[in-house]
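# Tertiary structure, described
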Amino acid sequence: MSNTDDSMNVRSHCSASKSSLKPHNLPFPIHGSTIECHGDDGIETTGDIAAPLHVSTTFVSGAPESCGQVYSRLNTVTRTRVEALLGAVEGGQAITYSSGLSAATALIHCIKPRRMYVDAGYHGVRAAFKLWSERGSFGSEIFEVFTLEQCKQLYEQRESQPRTERTLWHPVDTKEERALDLIWVESPNNPYANVADIEWFSELASRTGACLAVDSTLSSPLGQRPLEHGAHVVMHASTKYLAGHSDLLGGVLIVHSSLSDVLACKLLAERTIDGAVMGNLETWLLLRSIRTLSLRVRRQCQTASIVVEWLEKQRIDGRKVKKVHHPSLASHPNYSIATRYLLLPPATFSFELESESQAKSFAQSLILCTPATSLGGVETLIDWRHMHDTSVSAALLRVSIGLEESEDIIQDFEQALNKAK
């Protein structure tokens, strides 16, 4: 297939995604878990109650039963269903990718930032920005990564300057210079659960002409609504809470609906060329998982709050716990900001013991909870983060709460804490 053919198919698919391939129009609005169950109704005509799994990579040309599908790198009906669901759940237009990092990288390559602010707790995203800067440094481009203090100075300096409203934003032209091109904020961040003031960054984006992207993986769409607070793009590593079963890799960018033509369609065209699409099985697994998103995440957040309160009590009582990083606690530095933005307290958080040896001993002494990386699954995982990211305290343990009963998790934590030394 030629590049011209690819471009034509992408344009037609982008148009289709906004017209014929839409859920049924209902005479009344639907909300929350109803969207998760019915947000893709009408996209695929089938008698199956559960969405069928399609494994084909190519389709009969022009046949009505092919539903406009040509080649699976371009589009599949299952991917269209997943993207319709994710877009409806988050409130924008969704483009899925083969991993969270491929989603982040896709946005970086699309925006092509020369001046950027990056507040990423996850070391993988930091590495992606570093790689982008290193690759660009071979040319004549100069890349600048701004600090928060520099951003604050820009904010003040440009108070009286014309603003770029979100609906009028467009990718930067190669000859155009902006004060900032891209603002990347991870909120809540990994692993400290720090919460960003998204509306402040939205105003900074307006004053500088930047695109504001928020990595909302740790909160899920249930816990935070960045698009409603001025973000241009929301990113999720769908491997985590969206999938929720530790059995698939995926990522997604959800673009504000006003930027569909200037950004979402560009991302879609570039994904077709880059080839970073989810596999058929992973796409189908994600579609299955979204049906229970509200049930899983609400339960996980509720349980996390109970476990956090228990850990905080151990800290107050002087029982080996030195710090608990969770924004629901008044002791957390972002407690007041969290009350403005978080609809649910995050189910992933961290705590610190007195020493590295205690942290390792605690993790190894657990019976129900499993020492492993990643988060968002139905099983409670505990991760000694220093193993993967040496910028994190060696005494810190990150917890991803699953669907076990809170009292059982606490029992496991208590016996492990007693053995920690």
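Residues numbered from 1 in each chain as written. Predicted model: local features only at pLDDT ≥ 70, side-chain atom pairs only at ≥ 80, totals over all residues. Heavy atoms only, no water.

Looking at an unreviewed UniProt entry, one finds the protein chain named Cystathionine gamma-synthase and attributed to Rotaria socialis. For the protein chain, the Cofactor (unreviewed entry) comment in UniProt is given as "pyridoxal 5'-phosphate". The heading Sequence similarities (unreviewed entry) in the UniProt record of the protein chain holds the text "Belongs to the trans-sulfuration enzymes family." (UniProt positions renumbered as here; feature names shortened; annotations may be inferred.)

Turning our attention to the overall build of the protein chain. Helices and strands together make up the secondary structure of the protein chain, namely 14 helices and twelve strands. On C-alpha atoms alone, the protein chain measures out to a radius of gyration of 22 Å, which is about the 22 Å that the 2.2 N^0.38 rule sets for 421 residues. The principal-axis extents of the C-alpha atoms in the protein chain amount to approximately 70 × 60 × 45 Å. By residue count, 55% of the 421 residues in the protein chain fall in the buried class. Relative to all contacts within the protein chain whose residues are 6 or more apart in sequence, the contacts with residues 24 or more apart total 72%. As displayed, the protein chain has an accessible area near 18300 Å², and 54% of this comes from carbon and sulfur atoms. (Helix = DSSP H or I, 4+ residues; strand = E, 2+ residues; numbered from the N terminus. Rg over C-alpha atoms; globule rule 2.2 N^0.38 Å. Buried < 20%, exposed > 50% of the residue type's maximum accessible area, 1.4 Å probe, protein only. Contact = heavy atoms within 4.5 Å. Areas by Shrake-Rupley, 256 points an atom, 1.4 Å probe, with all protein chains shown as cover.)

In this section: the pairing of strand 5 (residues 211–215). Counting buried residues in strand 5 gives five out of five residues, a clear majority hidden from the surface. The alternating pattern of strand 5 places C211, A213 and D215 on one face and L212 and V214 on the opposite face, and all of these are buried. Relative to strand 5, strand 4 (residues 182–186) runs parallel, the two being bridged by five bridges. Looking at strand 5, one finds that L182 is bridged to C211. Alignment of strand 5 against strand 6 (residues 233–236), held across three bridges, turns out to be parallel. Among the inter-strand pairings, A213 is bridged to a residue of strand 6, identified as V233. (Pairing = 2+ DSSP bridges.)

Take the sheet that holds strand 3 (residues 144–146) next. Taken together, the seven strands give an open sheet; going across it, the order is 1-7-6-5-4-2-3, and neighbouring strands pair in mixed fashion. One side of each edge strand has no neighbouring strand; the edge strands of this open sheet are strand 1 (93–97) and strand 3. Between one strand and the next, the sheet's axes are offset by a mean angle of 20°, whatever the strand orientation. Inspection of the sheet shows strand 6 paired to strand 7 (residues 251–255) by four bridges, in the antiparallel sense. The residue of strand 7 that forms the bridge with M235 is L253. (Axes fitted to C-alpha atoms, helices over the stretch in contact; angles between N-to-C directions.)

Moving on, we come to the sheet that holds strand 10 (residues 370–371). Remark on secondary structure: sheet strands pair via backbone hydrogen bonds, oriented parallel or antiparallel. Across the sheet, five strands lie side by side as 8-9-12-11-10; this open sheet has mixed pairing. Edge positions in the sheet fall to strand 8 (321–325) and strand 10, since each of these pairs with one other strand and no more. Bridge count for strand 11 (residues 381–383) against strand 12 (residues 396–400) is three bridges, and the pairing is antiparallel. Bridged to L381 within strand 12 is S400. The strands touched by helix 11 (residues 293–316) are strand 8 and strand 9 (348–353); relative to strand 8, the strand with the most contacts, the crossing angle is about 150°. Along the sheet face, helix 13 (residues 356–365) touches strand 9, strand 10, strand 11 and strand 12 and points at about 125° away from the line of strand 9.

With that settled, consider the confidence of the model for the protein chain. Of all residues in the protein chain, 93% have pLDDT values of 70 or greater, and the mean over the chain is 92. Note that residues 16–21 has pLDDT below 50 and, in this model, nine contacts with residues that lie over four places away or in other chains. (pLDDT = per-residue confidence, 0-100.)

Think of a ball as big as a water molecule: rolled over the atoms, this probe shows where empty space is left. Estimated volume of the second largest pocket: approximately 370 Å³. At the level of secondary structure, the elements contributing two or more residues to the lining of the second largest pocket comprise helix 4 (100–111) and helix 5 (123–136). Here the lining of the second largest pocket is built from residues that sort into eight nonpolar, nine polar and five charged. Here the lining of the second largest pocket gathers at least three residues from each of two domains, domain 1 (32–158 + 168–289) and domain 2 (294–419). (1 Å grid on protein atoms, 1.4 Å probe; cavity = no way out; pocket = protein on both sides within 12 Å on 5 of 7 lines; lining within 4 Å. Points joined across faces, edges and corners; volume = space filled by probe spheres on them. Nonpolar A, V, L, I, M, F, W, Y, C, P; charged D, E, K, R; others polar. Domains from an automatic or database assignment.)

A few words on the pattern of salt bridges. On inspection of all chains with the given rule, the structure shows 23 salt bridges. Salt-bridge contacts for R340 lead to D197; the nearest nitrogen and oxygen are separated by 3.4 Å. In this pair, R340 sits in helix 12 (residues 335–341) while D197 sits in the loop between strand 4 and helix 7 (198–208), placing the two residues 143 residues apart along the sequence. For the salt bridge of K313 with D317, the shortest nitrogen-to-oxygen distance reads 2.8 Å. Looking at D317, the relative accessible area reads 44%, which means it is partly exposed. Connected through salt bridges with shared partners, the residues D40, E44, R81 and R291 form a single ionic network. (Salt bridge = Lys/Arg side-chain N within 4 Å of Asp/Glu carboxyl O.)

Looking now at empty space enclosed by the protein. Within the structure shown, the criterion is met by one cavity of 30 Å³ or more. Its boundaries defined by the atoms lining it, the largest cavity holds a volume of some 40 Å³. Forming the boundary of the largest cavity are H54, S56, F59, Q69, T76, V77, T78 and N280.

Turning our eyes to something else, we now look at the packing of aromatic side chains. The full count for this structure, using the stated rule, is eight aromatic pairs. Where W200 meets F201, the ring centres are 5.1 Å apart and the plane angle is 90°; that geometry is what we call edge-to-face. Using a relative accessible area of 7% as the deciding quantity, one classes F201 as buried. Ring centres 6.2 Å apart and planes at 45° place the aromatic pair F351 and F413 in the tilted group. On the criterion of sequence distance, the pair formed by F351 in strand 9 and F413 in helix 14 (residues 406–419) is long-range, its members being 62 residues apart. Each of the two residues, F351 as well as F413, counts as buried. (Phe/Tyr/Trp six-rings, centres within 6.5 Å; stacked < 30°, edge-to-face > 60°.)

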